[in-house]
Amino acid sequence: MFEWFQIQRLKKAKNLPDAFVAYLKTYDQLPVKGDPWESLRMVVFDTETTGLKIETDRILSIGAVGVKEGQIVIGDSYEVLVSQGEPQTHEAIPVHGIIPSDVRQRGISEAEAVDSFLSYAKADVLVAHHVNFDVGIVNRALRRQIHPKAFLFNHIIDTAAVARKLEHPHRPHAYIDHTQYSLDALCDRYHISMEDRHTAWGDALITAKLLLQLLHQARSEGKISLRWLMS
């Protein structure tokens with residue numbers, strides 16, 4: 001209910017970008033948590049960033065791919081480079097490989113990036129590995145570029161959390177070895193190729209492949225609701 005009031009306040013705000021106004025209008029189209037997940041479009045996404053601090057680091061790229069009816073929809077893909085208007089000398093460069101010349105040639109502004117991502121994602125379910133980081137850093141960008149109270153209202157799924165629940169349904173969270181639930185560790189365990197690792201779109205595709213395996217296992221155990229994946 002609190003989220004609903006936040007959305008109503010945002011709808012009354014002045015000078016909002018058209019893309020965010022359109023996104024707010026999709027709030028009424030949020031999936032019902034009791035719906036079977038196979039009927040829903042899931043947007044599996046990843047961000048590459050200047051570092052790992054949500055409060056201070058910035059987005060350098062966003063990649064995403066759609067999943068629906070248990071299939072990856074390659075034609076439903078999204079990828080942008082983001083220009084932050086400053087030289088990229090950050091420690092994350094050796095990991096993501098995004099160099100300043102790439103950003104200068106192909107990058108768009110952070111405002112354009114968040115607008116286009118909202119238009120792509122709409123009110124559909126967002127999925128990422130350790131999703132709170134990716135959602136958090138996008139939310140910071142929304143607040144910088146759109147409105148101090150702007151946020152992603154989509155339902156979210158964390159593939160790391162889903163894997164833990166499937167593998168250890170009764171083990172307390174504190175007694176799980178969380179190092180075994182990194183994207184690399186799970187890809188190794190589920191025999192998923194990690195080609196194009198550490199690019200936003202590449203990691204989104206890898207995460208989508210992991211998601212399909214987790215969904216197959218969940219279905220076999222009768223866990224078919226969106227609520228179960230989110231909990």
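My aim in this report is to walk through the structure given alongside it, one point at a time.

How each quantity is defined
Residues numbered from 1 in each chain as written. Predicted model: local features only at pLDDT ≥ 70, side-chain atom pairs only at ≥ 80, totals over all residues. Heavy atoms only, no water. Patch = residues over 30% accessible without salt bridge, like charges linked within 9 Å, V, L, I, M, F, W, Y side chains within 5 Å. Areas by Shrake-Rupley, 256 points an atom, 1.4 Å probe, with all protein chains shown as cover. Salt bridge = Lys/Arg side-chain N within 4 Å of Asp/Glu carboxyl O. Helix = DSSP H or I, 4+ residues; strand = E, 2+ residues; numbered from the N terminus. Core = buried A, V, L, I, M, F, W, Y, C linked by side-chain atoms within 4.5 Å. Buried < 20%, exposed > 50% of the residue type's maximum accessible area, 1.4 Å probe, protein only. Contact = heavy atoms within 4.5 Å.

## Focus: a nonpolar patch on the surface
Moving on, step 1. Taken together, the side chains of M1, W4 and F5 make up a nonpolar region of the molecular surface, amounting to roughly 360 Å² of accessible area.
Moving on, step 2. Tracing the backbone through its elements, the reader meets W4 in helix α1 (residues 2-11).

## Things to note about the environment of G51
Moving on, step 1. Looking at the element boundaries, G51 is found in the loop between β1 (42-49) and β2 (59-68).
Moving on, step 2. Separated by 35 residues in the primary sequence, G51 and L16 place their C-alpha atoms 28 Å from one another.

## Topic: the pattern of salt bridges
Moving on, step 1. What the rule picks out here adds up to eight salt bridges.
Moving on, step 2. Note that D203 is salt-bridged to R197, the shortest N-O span being 2.8 Å.
Moving on, step 3. Through salt bridges that share partners, R41, D76 and D124 make up one connected network.

## Concerning the nonpolar core
Moving on, step 1. Ranked by size, the top nonpolar core spans 37 residues in total, and within it F20, F45, F117, L142, I146, L152 and F153 carry the most contacts.
Moving on, step 2. With seven residues, helix α6 (residues 131-145) is the largest single contributor of residues to this core.
Moving on, step 3. Non-local contacts of F45, meaning those with residues more than four positions away in its chain, are made with G63, A64, F117, L126, V127, A128, V131, D134, V135, V138 and A204.
Moving on, step 4. Counting 31 residues, the second largest nonpolar core, distinct from the first, contains Y181, L210, L226 and L229.

Read these as layout, nothing more, since geometry by itself doesn't imply function.
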